[in-house]
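# Descriptive structure summary
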Amino acid sequence: MGLTSLRYLPASRGTLLKLRRQLELAKRGKSVLEMRRDQLVKEIFTLIDRLKERPKIEEKYIKALEDLSLLRLKRGEVEFFSIVSLVRPPVLEVLAISIEGVSVPQIKILRKPDYSLVKDPEYRTLLENAWQVIEELIEVTNIEIAVEKLCAQLSYINRVVNSLEENFIPKLEETIRYIGEKIEEEMLEEFVRLKNIAR
Amino acid sequence: MFLEELEIENIKAKIRSIYGSREKKGYLYPYSHFISLTILKRAATLYELEKLLEKTPLKLPLRKLAKKNPQLPLLALDSLYYILLKNSLKVSRDSRKEILELINYESLIKLLYWILVIGKENLRNREILSILKSLYPKERALTISLESLATKLKLDYNKIINNLKLNKISEILLLAESNLIKRAKHKALFNAITAVYVYYYMLLCRNERRNLEKIIIGRELKLSPQVILSSLIYPP
C-alpha cells in the first residue's frame, strides 16, 4: 500500500485493524533492520582494521617490482624472460561467498606458482618475495571488495530504516489516529441520533 | 666463435622455454650462425632441438642430460662454448697462451655461477664433472671450493660470501666480469701488437654491448640513472 493511498482509505474499524497490524509489522521490521545494520557496522569495522595494512603492502609490492627490474637490468632481457618462463603460473578463481548474508566476490588461490625449475637462488628469492606480496595484495583486495559490498548493503539498509522511521511509520500513525478519531466521531453521531429517536 | 655466445644464450633460452612449456616464444638475441632463429623458434621439444643441433658443432645429448638434471643441458652448452672457443684460436703460440688464460678466467666465472646455482656438492657427480672439463680440469674439480675459485678469480672471498647470503649472484658476476676486463687490459698492454690486443678489443665490444643493453632496459623500466650506472661495467 503506497503512502498516498492512505488518505483515501475508508474510515472503518476493519481498516483501523489492518493499519494497526501494518504499523506493528513496520516497527518490527525496523528493529530487525536496525539490528542487521549494527551487525554490518561491526563486521565492517573488523575488516577495516585489516585494510590499514594496505599502504605497507603496496610499498612492499613496489620494492619487489623494483628488485625484479634491477635483476632484469643486470642479467639481460633474454636470460630474465627465459628464466621467468620456467615458473608455472598460479591458478586463481573468483568465487562468490556470503558475508553476513551479502554476496561478495572473493579471489581464491587454487594453485600457487611453482618455482621448482628455477635453480638460480637470486631469481628464486625475488620471485618468491614477489609472490608473497601478491598473496598479501590478493587478501587485501578480498577485504576491500567485502567492505565495499557490505557498505553498499549498509547504505541500502540505512535508507530503508530512515524511510520507515521518518516517513512510513509517522504517516501510518497519523492515518491510524485520523481514522480512530473519525470512527469515534461517527460513533458519537450515531449515539446522538439514537437518543433523538428514543425521545 | 666469439659471437656464438649469443647463439648459446638463444639455445639456452629455448631450452628454458621448453621446460616452462610456454607457448610464448620469448626474447632471443637477433643473431644466428649455426641455426637460423626462425627454425630455432619453431623447435617445440628437446628432441627437435637435439635434432637441430646434431648437424652443428653444438651437438649434445640434450634429452639424456635433462633426464639426469634439467640444468645439465645449459651447463653443457656453456662448457661446449669454451671448448669451441679454445679450439678456434688460430694465433701464435705466445698469444695463444695469453688468450687461453683469459678464456680460462672467463670459464671460471661461468663455473662460479654454476656452483652458486647447482651447489658444489651437486657438481661432484661423474656426469657433471665430464661436462665441466672445459671449465675446470676434471681431476681438480673434485676438490673444487668457493674459496679456491675466489682465489683463482682474485675476488674477495668475504665479499662473495656476503653477497651470497643476500642471494646477490649478479653482484658477484659483475665483480668477476670487471676483473676479467682489467686482466685483459693488463695483458693487452704487454702484447700491444699481437692477437691478445684484438681479444681485449673484442671483450670491450662485448662489454659495450652488455652496457648498452642495460641502459636500454633501464630506460624502458624508467629506472633512475644512478641505478643504471651502478650496473654498468666501466672499461679500466
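What counts, and where the lines are drawn
Residues numbered from 1 in each chain as written. Chains lettered and ligands numbered in written order. Predicted model: local features only at pLDDT ≥ 70, side-chain atom pairs only at ≥ 80, totals over all residues. Heavy atoms only, no water. Helix = DSSP H or I, 4+ residues; strand = E, 2+ residues; numbered from the N terminus. Rg over C-alpha atoms; globule rule 2.2 N^0.38 Å. Buried < 20%, exposed > 50% of the residue type's maximum accessible area, 1.4 Å probe, protein only. Contact = heavy atoms within 4.5 Å. Areas by Shrake-Rupley, 256 points an atom, 1.4 Å probe, with all protein chains shown as cover. Lys, Arg positive; Asp, Glu negative; His and termini not counted. Charge placed at Lys NZ, Arg CZ, Asp CG, Glu CD. Phe/Tyr/Trp six-rings, centres within 6.5 Å; stacked < 30°, edge-to-face > 60°. Axes fitted to C-alpha atoms, helices over the stretch in contact; angles between N-to-C directions. Parallel < 35°, antiparallel > 145°, perpendicular 65-115°, else oblique. Nonpolar A, V, L, I, M, F, W, Y, C, P; charged D, E, K, R; others polar. Salt bridge = Lys/Arg side-chain N within 4 Å of Asp/Glu carboxyl O. Buried area = accessible area lost by both parts, 1.4 Å probe. Polar contact = N/O pair within 3.5 Å; in protein donor to acceptor, adjacent residues only side chain to side chain.

## Here we look at the overall build of chain A
Secondary structure assignment for chain A yields four helices and two strands. Each helix and strand of chain A, ordered N terminal to C terminal, gives the series α-α-α-β-β-α. A globule of 199 residues ought to have a C-alpha radius of gyration of about 16 Å, yet chain A, at 32 Å, is considerably larger. Dimensions along the principal axes, computed over C-alpha positions, put chain A at roughly 115 × 25 × 20 Å. Within chain A, buried positions represent 32% of all 199 residues. Nonlocal contacts in chain A, meaning residues at least 24 apart in sequence, comprise 73% of its contacts between residues at least 6 apart. Element-wise, carbon and sulfur atoms account for 56% of the exposed surface of chain A, whose accessible area totals about 12,500 Å². The averaged location of the 33 negative side-chain charges in chain A is 6 Å from the averaged location of its 34 positive side-chain charges.

## What about the packing of aromatic side chains?
A ring pair, where both rings are aromatic, is described by two values, the distance of the centres and the angle of the planes. This model, assessed by the stated rule, comprises six aromatic pairs over all chains. For the pair Phe80 of chain A and Phe81 of chain A, a centre-to-centre distance of 5.4 Å together with 90° between the ring planes defines the contact as edge-to-face. Between Phe81 of chain A and Tyr27 of chain B, the ring centres sit 4.8 Å apart and the planes meet at 40°, which makes this aromatic pair tilted. Of the two residues, Phe81 of chain A sits in helix α3 (residues 77-84) while Tyr27 of chain B sits in the loop between α1 (4-19) and α2 (37-42), which places them in two different chains. Taking relative accessible area as the criterion, Phe81 of chain A reaches 24% and is therefore assigned partly exposed. Of the residues examined, Tyr27 of chain B reaches a relative accessible area of 42% and is grouped as partly exposed. Through a chain of ring-to-ring contacts, three or more aromatic side chains come together here, namely Phe80, Phe81 and Tyr123 of chain A together with Tyr27 of chain B.

## Describing the side chain of Asn10 of chain B
With respect to the helices, strands and loops of the structure, Asn10 of chain B is situated in helix α1. Dropping the residues within four chain positions of it, Asn10 of chain B is found in contact with Val78 of chain A together with Leu28, Tyr29, Tyr31, Leu37 and Leu40 of chain B.

## Considerations on the packing of helix α6 (residues 93-118) of chain B against helix α13 (residues 195-220) of chain B
Residue and element names in this part refer to chain B. Following both chains from N to C, one finds α6 and α13 inclined at 25°, their axes separated by 8 Å at the closest point. In terms of their interaxial angle, α6 and α13 are classed as roughly parallel. Where α6 abuts α13, its residues Ser95, Glu98, Ile99, Leu102, Ile103 and Glu106 lie against Ala195, Val196, Tyr199, Leu203 and Arg206. Residue composition of the contact of α6 with α13, grouped by class: seven nonpolar, one polar and three charged.

## Structural notes on the pattern of salt bridges
A complete count under the given rule lists 32 salt bridges over all chains for this structure. The residue Lys63 of chain A makes a salt bridge to Asp67 of chain A at a minimum N-O spacing of 3.0 Å. One end of the pair is Lys63 of chain A and the other is Asp67 of chain A, both in helix α2 (residues 54-75) and four residues apart, which spans about a single turn. What makes Lys63 of chain A partly exposed here is its relative accessible area of 44%. The salt bridge involving Asp120 of chain A is made with Arg75 of chain A; its shortest N-O contact spans 2.8 Å. Of this pair, Asp120 of chain A sits in the loop between β2 (102-111) and α4 (121-198) while Arg75 of chain A sits in helix α2, and the two are 45 residues apart along the sequence. Across the pair, exposure class does not vary: Asp120 of chain A and Arg75 of chain A are buried alike. Within the structure, one salt-bridge network assembled from shared partners comprises Glu5, Glu106, Glu177, Arg206, Arg209, Arg210 and Glu213 of chain B.

## As for the interface of chain B and chain A
If you look at the interface, chain B gives 32 residues, while chain A gives 25 residues. Summed over both sides, the interface between chain B and chain A buries roughly 2,600 Å², with carbon and sulfur atoms accounting for 63% of that surface. Across the chain B-chain A interface, the total number found is two salt bridges. Put simply, Arg72 of chain A and Glu220 of chain B hold a salt bridge, and the shortest N to O gap is 3.5 Å. At the boundary of chain B and chain A, one finds 10 residue pairs in polar contact (both at pLDDT 80 or more). Counting residues per element, the ones that place at least two in the side of chain B that touches chain A are α1, α6, α12 (169-190), α13 and α14 (225-230) of chain B. Here the element with the most residues in the side of chain B that touches chain A is α1 of chain B; it accounts for six residues.

## Concerning helix α11 (residues 157-165) of chain B
Where α11 of chain B begins, the capping side chain belongs to Asp156 of chain B, and its oxygen is found 3.2 Å from the backbone nitrogen of Asn158 of chain B. Phi for Asn167 of chain B, located one or two positions after α11 of chain B, is positive at around 60°.

## Describing the packing of α11 of chain B against α12 of chain B
Residues and elements named next belong to chain B. Put simply, α11 and α12 touch, their axes get as near as 8 Å, and they point 150° apart. Overall, the two elements α11 and α12 adopt an arrangement that is roughly antiparallel. Contact residues: Lys159, Ile160, Asn163 and Leu164 in α11; Ile169, Glu171, Ile172 and Leu175 in α12. Class assignment of the residues belonging to the contact of α11 with α12 gives a composition of five nonpolar, one polar and two charged.

## Some thoughts on the side chain of Lys14 of chain B
Residues and elements named next belong to chain B. By the secondary structure assignment, Lys14 is in helix α1. It turns out Lys14 is buried and unbridged, and the closest side chain with the opposite charge, Glu48, is 7.8 Å from it. Here the side chain of Lys14 touches Ala43 through a polar contact of 3.0 Å, landing on its backbone oxygen. Discounting residues that sit within four places of it in the chain, Lys14 has contacts with Leu40, Lys41, Ala43 and Leu49.

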